Amino acid sequence: MARITLKNLKKAWLAESPAVDGINLELKEGELASILGPSGCGKSTTLLMLAGIYAPTSGEILFDGEIVNDVEARDRNVGIVFQSYALYPNMSVLNNILFPLRFKKLPKNVAEKEARNIAELVMIEDLLERRPSQLSGGQQQRVALARALVKKPNLLLLDEPLSNLDATLRLNMRSEIKRIQKELEVTTILVTHDQIEATTMADRIICMNKGKIIQLGSPEELYKKPVSKFVASFIGSPPMNLFEGQNDDGVIRAGALNFGMKGTTDKKNLICGLRPENINIAEQGIEGTIYTIEPLGREILYGLKTETGIIWFLESTSNAEYDIGNLVRINFDYQNTLVFDRDTEERLDSVHFYVE
Amino acid sequence: MASSNISGKYTNFTVFFLPAIVLLGGLVVLPIFLDIAVAFTDMAQTLNVSGLTNMQFRKFFKPVEDSMLGFELRRSFLKALTLTATYVVLTLVIFNTTFGLVLALTTTALSERVGSFFRAIWLLPRMSPSVVYALLWSWTIDPTERGLLNQVAINIFGIGPINMKLHHPMMLIVISNGFIGASLGMIILTSAIRSIPKHLFYAAQADGAGPLSITWHIILPALRWPLSYITIFQTLALLVSFEYIFLIMGPARSTMTMAMLAYTKTLAPGVGAGLYAYGAAITMILIVIGIFLALLLWRLSNMQRLITEPRIEVQ
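Residues numbered from 1 in each chain as written. Chains lettered and ligands numbered in written order. Predicted model: local features only at pLDDT ≥ 70, side-chain atom pairs only at ≥ 80, totals over all residues.

## Points about the overall build of chain B
Selection rule: Only DSSP runs of H or I with at least four residues qualify as helices, and only runs of E with at least two residues qualify as strands; both kinds are numbered from the N terminus onward. Put plainly, a residue is buried at 20 or more neighbouring C-beta atoms within 10 Å of its own, exposed at 12 or fewer, and partly exposed in between, counting only other residues' C-beta atoms, which are placed from the backbone. Distance between backbone-placed C-beta atoms decides contact: two residues are in contact if it is within 7 Å.
A tally of regular secondary structure across chain B gives 15 helices and two strands. The principal-axis extents of the C-alpha atoms in chain B amount to approximately 85 × 75 × 45 Å. Expressed as a percentage of its 315 residues, the buried residues of chain B come to 30%. Of the contacts formed within chain B by residues at least 6 apart in sequence, a portion of 62% connects residues at least 24 apart.

Spelled out as structure tokens, the structure:
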């Protein structure tokens, strides 16, 4: 359980395109932070540098205030769970869990007791004699978790740990990992490209793109106040509606539609953002015809063909249902809208739009 | 419908397997039967056959009333068997498996470029023509002061001159064959090591394992099957190999293994006596030994499982 600090951390396989490009970060003891980003954004590289498997090109990694750049992976006391679980195929489950303790020179009975305790915590105590190939994906994932936790790591790293599980199991393991993490109070970094995983599990989200931290904050902050179009489109499901608009003295012209603007900006080229869940069917508003229908269970995702393109919106199933071709009007509260500068893709603070 | 299906099956079978069956029959099965047939004759240089006889085998075995099996091995044959066993076991154990493994482990631990460089060097003996390779050895071990080995021995260690052919013939043929044989193991084991998922190495490092523990607990278990394969394959290859022995040692008695014996008694230029039936009899015994060893090793290493399901776990 350590406090983790990254100072200007950089990893460049090729000098001109660094995989990780100078990130700064401070994690509190016992915190569960999630690094979220698309593939190739540098999140796994960051993780492997924390584990000591890759050496940083420059910058510092500190555990509890001490620089560990030159500490070998085996001496860092970091637990990792990989997407593939990476269980040792020739060893039983018990020996897999015992493996990290081998190098701690614990007496055999003590080591075995600890392995059994941790197996109980992740609920695999009945599987200890099996081989990894005889386990289901969910069970393998629990074994991998037990192996990472048995040595009481300073830091627990989870590299896309849920990506290979089916939907139900994923839901289950999400809360399970969170429970275990809180119980052991181990500082944890979860690397994922799945925003739902990040928002449901993490205390804080570190949103990365192209080797840089784009935004760092609570899930709510990232959802409500994304700093840029990238974060806005990455967080939220179904994804945010984004359409281009032109600032014409306080009126936003988007295709053939005109929107009123709250707040002021001198930027001309804008991008308007609107989340599907913030749109309602209304008497007054943007007119369009229903184009696609995707039932999601409790809600239905409609694609509405409007004069500025397709706008997606969610309606609860209990409301009147619409068919393809129906003519409907939609409206929204201006406070839920976001406006971005089209050139820098940054969000313009306190600028919103509404249906005139 | 059903009958056309069956005839279709036979057509497919014929189309796909006929070439293989013809080749197998013509190049493997037929020669074995021919060999067995010739072994029981008195065929010699003139190729005349006067009838069936077991006289060739009496050159190896002599009937002894009170021995357990009713016969004993003759001294010369026993010596050939012993030399063959020594040669096969030493080359296999020291070079083809152990040294191949060491090469694979060290070259994969090095950086990609350096590793490939060393692997390429170790492939050179296999790639160079056998006569050139043998010639290089002859120069190296030349018993006079001009030989490379003796230059090193005399000028650096102050010993020698050493006459390898005369005093260490077995060591010489084991090393010269081993340098070639090790590269096969090296290649197969290198690719096996490469196919281990890299996350397993990361996990082991994070778990606190050093290079030795990783080799022992992660790499070696993954090499069990390739090692079994190399052992079986190379045992059979070494059993019948005589090319380099003949090129380096000539028909020397000190390295007259079974395969060498068969060759020198029949076809070897200059010394071959054209004793075809005798050579065929030796070859037949070699075939029996080969089949027996292959089945034994197959059984011991559970090779059946290797070829029925993939043994490298890809996750």
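Next, the rest of the story.
## Some remarks on the interface of chain B and chain A
Heads up, the rule is: Side-chain classes follow a simple rule in which Ala, Val, Leu, Ile, Met, Phe, Trp, Tyr, Cys and Pro form the nonpolar group, Asp, Glu, Lys and Arg form the charged group, and the remainder, Gly included, forms the polar group.
Contacts between the two partners involve 16 residues from chain B, matched on the other side by 19 residues from chain A. At the level of secondary structure, the elements contributing two or more residues to the side of chain B that touches chain A comprise helix 9 (198-206) and helix 10 (211-222) of chain B. Ranked by residues supplied to the side of chain B that touches chain A, first place goes to helix 9 of chain B with six residues. Residues of the side of chain B that touches chain A, tallied by class, amount to eight nonpolar, six polar and two charged.

## Structural notes on the domain arrangement of chain B
Residues and elements named next belong to chain B. How we decide: Start and end positions for the domains come from either an automated domain assignment or a database one.
For chain B, the assigned domains are domain 1 (1-39) and domain 2 (55-308). Placing a centre on the C-alpha atoms of domain 1 and another on those of domain 2 gives a separation of 33 Å. Across the boundary between the two partners, domain 1 contributes five residues, which contact eight residues of domain 2.

## Here's the deal with the nonpolar core
Where we set the bar: Working definition: the nonpolar core is a set of buried Ala, Val, Leu, Ile, Met, Phe, Trp, Tyr and Cys residues, joined through C-beta atoms within 7 Å.
Ranked by internal contacts, the top residues of the largest apolar core, which has 120 residues, are Leu-50, Ala-51, Ile-80, Ile-97, Ala-146 and Leu-157 of chain A. Core analysis: the next-biggest nonpolar cluster, separate from the first, contains 37 residues, Ile-141, Leu-172, Leu-238 and Tyr-263 of chain B among them.

## Overview of the sheet that holds strand 13 (residues 257-262) of chain A
Residues and elements named next belong to chain A. The following threshold applies: Strands qualify as paired when DSSP identifies two bridges or more between them. For helices, the fitted line uses only the C-alpha atoms of the stretch in contact; every axis is such a line through C-alpha atoms, and the angle between N-to-C directions lies from 0 to 180 degrees.
Read from one edge to the other, the open sheet built from six strands follows the order 19-14-11-12-13-20, with strand pairing classed as antiparallel. Only two strands of the sheet have a single partner each, and these edge strands are strand 19 (338-341) and strand 20 (352-355). When the angles between neighbouring strand axes are averaged without regard to direction, this sheet yields 40 degrees. Sheet analysis places strand 11 (residues 241-247) next to strand 14 (residues 269-274), joined by six bridges and oriented antiparallel. Each residue of the ladder has a partner; that of Phe-243, found in strand 14, is Cys-272.

## Details of the pairing of strand 9 (residues 204-209) of chain A
Residues and elements named next belong to chain A. Judged from the four bridges that link them, strand 3 (residues 32-36) and strand 9 form a sheet pairing that is parallel. Looking at strand 9, one finds that Ser-34 is bridged to Ile-205. Relative to strand 10 (residues 212-217), strand 9 runs antiparallel, the two being bridged by five bridges. Opposite Met-208, over in strand 10, you have Ile-213 as the bridge partner. Between strand 9 and the antiparallel strand that follows it, strand 10, lie two residues; Lys-210 among them carries a positive phi value of about 50 degrees.

## Here's the deal with the packing of helix 2 (residues 93-102) of chain A against helix 3 (residues 108-121) of chain A
Residue and element names in this part refer to chain A. Put simply, the test is: In these notes the angle categories are as follows: under 35 degrees is roughly parallel, over 145 is roughly antiparallel, 65 to 115 is roughly perpendicular, and the rest is oblique. Here is the rule for handedness: rotate from the far helix to the near one, and if that takes an anticlockwise turn smaller than a right angle the crossing is left-handed, while a clockwise turn gives right-handed.
Where helix 2 meets helix 3, the closest approach of the two axes is 9 Å, and the angle between their N-to-C directions is 120 degrees. Accordingly, the angle class assigned to the pair helix 2 and helix 3 is oblique. The handedness of the crossing between helix 2 and helix 3 is right-handed. The segment helix 2 lies against helix 3, with Leu-94, Ile-97, Leu-98 and Leu-101 engaging Ala-111, Glu-112, Glu-114, Ala-115, Ile-118 and Ala-119. Taken together, the residues of the contact of helix 2 with helix 3 sort by class into eight nonpolar, no polar and two charged.

## Topic: the sheet that holds strand 9 of chain A
Residues and elements named next belong to chain A. Ordered in space as 6-7-8-3-9-10, the six strands form an open sheet in which the pairing is mixed. One side of each edge strand has no neighbouring strand; the edge strands of this open sheet are strand 6 (78-81) and strand 10. When the angles between neighbouring strand axes are averaged without regard to direction, this sheet yields 20 degrees. Contacts from helix 1 (residues 43-51) reach strand 3, strand 6, strand 7 (155-159), strand 8 (187-192) and strand 9, with the element oriented near 150 degrees to strand 7.

## Overview of helix 4 (residues 112-127) of chain B
Where we set the bar: The span you would expect from a helix comes to 1.5 Å times its residue count less one.
Relative to the 22 Å expected for 16 residues at 1.5 Å per residue, helix 4 of chain B spans 21 Å between its end C-alpha atoms, a close match to the ideal helical length. Among the 16 residues that make up helix 4 of chain B, one are buried, leaving the element largely open to the surroundings.

## Topic: the packing of helix 9 of chain B against helix 10 of chain B
All names here are of chain B. The contact between helix 9 and helix 10 brings their axes to 11 Å, and the two run at 140 degrees. The orientation of helix 9 with respect to helix 10, classified from their angle, is oblique. Read as a crossing pair, helix 9 and helix 10 show a hand that is right-handed. Where helix 9 abuts helix 10, its residues Leu-200, Phe-201 and Ala-204 lie against Ile-214, His-217 and Ile-218. Looking at the contact of helix 9 with helix 10 residue by residue, the class counts come to five nonpolar, one polar and no charged.

## Let's talk about unusual backbone geometry
Phi is mostly negative for residues that are not glycine, and the peptide bonds are mostly trans. Residues and elements named next belong to chain A. The amide bond that connects Ser-237 to the next residue, Pro-238, takes the cis arrangement and shows omega of -5 degrees. With respect to the helices and strands, the residue Pro-238 is situated in the loop between helix 8 (229-234) and strand 11. Of note, Lys-152 is a non-glycine position whose phi angle comes to about 50 degrees, a positive value. Examined against the element boundaries, Lys-152 turns out to sit in the loop between helix 4 (137-149) and strand 7. A tally of 14 C-beta atoms within 10 Å means that Lys-152 is categorised as partly exposed.

## Thoughts on the environment of Asp-64 of chain A
Residue and element names in this part refer to chain A. Relative to the elements of secondary structure, Asp-64 occurs in the loop between strand 4 (58-63) and strand 5 (66-67). When the C-alpha atoms of Asp-64 and Lys-28 are compared, they prove to be 9.6 Å apart, with 36 residues separating the residues in sequence. Those residues in contact with Asp-64 that lie beyond four places of it in its chain are Ala-2 and Arg-3.

## A look at the pairing of strand 6 of chain A
Across a regular strand the side chains alternate sides, sitting on one face of the sheet and then on the other. Residue and element names in this part refer to chain A. Alternating positions in strand 6 separate into two faces, Val-78 and Ile-80 on one and Gly-79 and Val-81 on the other, with burial throughout. With four bridges joining them, strand 6 and strand 7 adopt parallel strand pairing. Residue Val-81 lies in a different strand from strand 7, and its bridge partner there is Leu-158.

## Structural notes on the confidence of the model for chain B
Residues and elements named next belong to chain B. How we decide: The predictor reports its confidence for every residue as pLDDT, a score running from 0 up to 100.
Residues with a pLDDT of 70 or more make up 95% of chain B, whose mean pLDDT is 86. Confidence, read as mean pLDDT per element, is least for helix 15 (residues 303-308) in chain B (67) and greatest for helix 9 (93). Both confidence scores are given for the complex: pTM 0.80, ipTM 0.85.

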